Amino acid sequence: TVVECQASMGQSLFKSSDNRRLWCLKEYQKAIDPEPVKVKVNLVTNGVFKEVLRFMNNHDKGDGLSIRMREDPAKKPGLGRKLRDHQRRRLGKV
C-alpha cells in the first residue's frame, strides 16, 4: 500500500506502508539498471489511510458478552473507574 501525503508547496509525497518490500524493489532496480521496475500498488490518500487505522484501532475483536478496557485510559479520563464500578455492581461485589 502506498499512501499519498501532501508535501511542502502542495506537492504529493508518496510513502510506503511496507518498508521491506520497498527496500527489495530498490535493490532489484539496482540489479537491472537502467530498466524501470513496474509494480502494481494500492494508492490511498492520507485521509483514507488515517480512517482505516482509526477503524482498525477501534474495532473490537471480543465476543460481545464481556467488556474490554482500553489500553490507554488517558483517552477517556475516569472511564476505567466507572467501568470497574459497573462490573462490580453487575457481579454483585459492591
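Residues numbered from 1 in each chain as written. Predicted model: local features only at pLDDT ≥ 70, side-chain atom pairs only at ≥ 80, totals over all residues. Heavy atoms only, no water.

Before going further, it helps to spend a moment on the pairing of strand β1 (residues 2-6). In the sheet, β1 pairs with strand β2 (residues 12-16) via five bridges, with the strands oriented antiparallel. Residue pairing across strands places Cys5 opposite Leu13, the latter belonging to β2. Where β1 folds back on β2, the antiparallel hairpin that results is connected by five residues, among which Met9 adopts a positive phi of roughly 65 degrees. Where β1 lies against strand β3 (residues 43-45), three bridges are found, and the strand directions are parallel. Pairing of Val2 across the sheet is with Leu43, part of β3. (Pairing = 2+ DSSP bridges. Helix = DSSP H or I, 4+ residues; strand = E, 2+ residues; numbered from the N terminus.)

With the rule as written, the count across this model stands at three salt bridges. One salt bridge in this structure joins Asp18 and Arg21, with 3.7 Å as the shortest N-O distance. The shortest N-O distance in the salt bridge between Glu51 and Arg54 comes to 3.0 Å. One end of the pair, Glu51, and the other, Arg54, are both in helix α2 (residues 46-58), three residues apart, so they sit about a helical turn from each other. When its relative accessible area of 49% is taken as the criterion, Arg54 is described as partly exposed. (Salt bridge = Lys/Arg side-chain N within 4 Å of Asp/Glu carboxyl O. Buried < 20%, exposed > 50% of the residue type's maximum accessible area, 1.4 Å probe, protein only.)

With that settled, the discussion passes to helix α1 (residues 19-32). The end-to-end C-alpha distance of α1 is 20 Å, a good match for the 20 Å that 14 residues give at a rise of 1.5 Å each. In terms of burial, α1 is largely open, as just zero of its 14 residues are buried. Put simply, Asp18 is the residue that caps the front of α1, since its side-chain oxygen is 3.3 Å from the backbone nitrogen of Arg20. (Expected span 1.5 Å × (residues − 1). Polar contact = N/O pair within 3.5 Å; in protein donor to acceptor, adjacent residues only side chain to side chain.)

Glancing now at unusual backbone geometry. Among all residues except glycine, the phi angle is most often negative; among peptide bonds, the trans geometry is most common. Pro34 follows Asp33 through a cis peptide bond whose omega is 10 degrees. When you line up the elements, Pro34 lands in the loop between α1 and β3.

Now for the sheet that holds β1. Consider a sheet: its strands pair through backbone hydrogen bonds, and that pairing is either parallel or antiparallel. The sheet built from three strands is open, its strands ordered β2-β1-β3 with mixed pairing. Each edge of the open sheet is held by one strand with a lone partner, namely β2 and β3. Across the sheet, the mean angle from the axis of one strand to that of its neighbour is 35 degrees, orientation sign disregarded. Its contacts with the sheet place α2 against β1 and β3, and it is angled at close to 85 degrees to β3. (Axes fitted to C-alpha atoms, helices over the stretch in contact; angles between N-to-C directions. Contact = heavy atoms within 4.5 Å.)

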